[in-house]
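An overview of the molecular structure
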Amino acid sequence: MPKLPDSGFTYTASFYDALATFVFGDALQQAQLALLPFIQRQARVLVIGGGSGWILEQLLHSDIQLEILYLDAAPAMMQLAEQKYKKQRQTQSSTVRFRLGNEKSLLPEEQFEVILTPFLLDLFPRNASRA
């Protein structure tokens, strides 16, 4: 597998959530929760750039059966998310697949009803040709 551009999140994984809360309070978490009630039962959900797995925990607590692909480019963040899932695996009915990678790691035949990008879109460079 080619080296993934994890933007340094492997190095910040252990304290990223605490730092985000310190800087933004609960604003990031509230933004991530805002649309979760609208996710339909049995939806195929892509979580790309999900970080340490906080949003995954919220999806699993929703008590609706989901098919989730959790995709992240930072191995340390993926490990944290997998640990959170393992703690809850017996108490929920959703299925979760973990894949180390980025948007280029998606397969052409994979389709989703819901795409969550909690820590992804701000990592793309600005378009230099924009006025």
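Preceding block: the structure.
Residues numbered from 1 in each chain as written. Predicted model: local features only at pLDDT ≥ 70, side-chain atom pairs only at ≥ 80, totals over all residues. Heavy atoms only, no water.

As a further point, take the sheet that holds strand β4 (residues 114-116). The four strands lie next to each other as β3-β2-β1-β4, forming an open sheet whose pairing is parallel. The open sheet terminates on both sides in strands that have one partner only, identified here as β3 (95-100) and β4. Sheet twist, expressed as the average angle between the axes of neighbouring strands with direction ignored, equals 15°. Sitting on the sheet, helix α4 (residues 54-61) touches β1 (44-48), β2 (67-72), β3 and β4, and the angle it makes with β2 is about 175°. Helix α5 (residues 75-88) rests against β2 and β3 of the sheet, and its axis sits at about 165° to β3. (Pairing = 2+ DSSP bridges. Helix = DSSP H or I, 4+ residues; strand = E, 2+ residues; numbered from the N terminus. Axes fitted to C-alpha atoms, helices over the stretch in contact; angles between N-to-C directions. Contact = heavy atoms within 4.5 Å.)

With 20 residues, the main nonpolar core has I39, V45, V47, L59, L66, I68 and L116 as its most contacted residues. Counting residues per element, the ones that place at least two in this core are β1, α4, β2, α5 and β4. Looking at this core, the element that brings in the most residues is α4, giving five residues. Every residue in contact with V47, bar those within four places of it in the chain, is listed here: I55, L59, I68, L69, Y70, L71, L116 and P118. (Core = buried A, V, L, I, M, F, W, Y, C linked by side-chain atoms within 4.5 Å. Buried < 20%, exposed > 50% of the residue type's maximum accessible area, 1.4 Å probe, protein only.)

For α5, which comprises 14 residues, the first-to-last C-alpha distance of 20 Å matches the rise-based estimate of 20 Å (1.5 Å per residue) to within 8%. Burial in α5 covers these residues: A76, M77, M78, A81, K84, Y85 and Q88. (Expected span 1.5 Å × (residues − 1).)

This next bit is on the environment of G51. By secondary structure assignment, the location of G51 is in the loop between β1 and α4. Judged by relative accessible area, which is 6%, G51 ranks as buried. Each C-alpha atom, one on G51 and one on P75, is 9.8 Å from the other, the two residues being 24 residues apart in sequence.

This part is about the pairing of β2. Of all the six residues making up β2, five are buried; the element is thus mostly covered by neighbouring parts of the structure. By the bridge criterion, five bridges tie β1 to β2 in an arrangement that is parallel. Residue pairing across strands places R44 opposite E67, the latter belonging to β2. Here β2 pairs with β3 via six bridges, running parallel. Bridged to E67 within β3 is T95.

So yeah, pure geometry; function would need other evidence.
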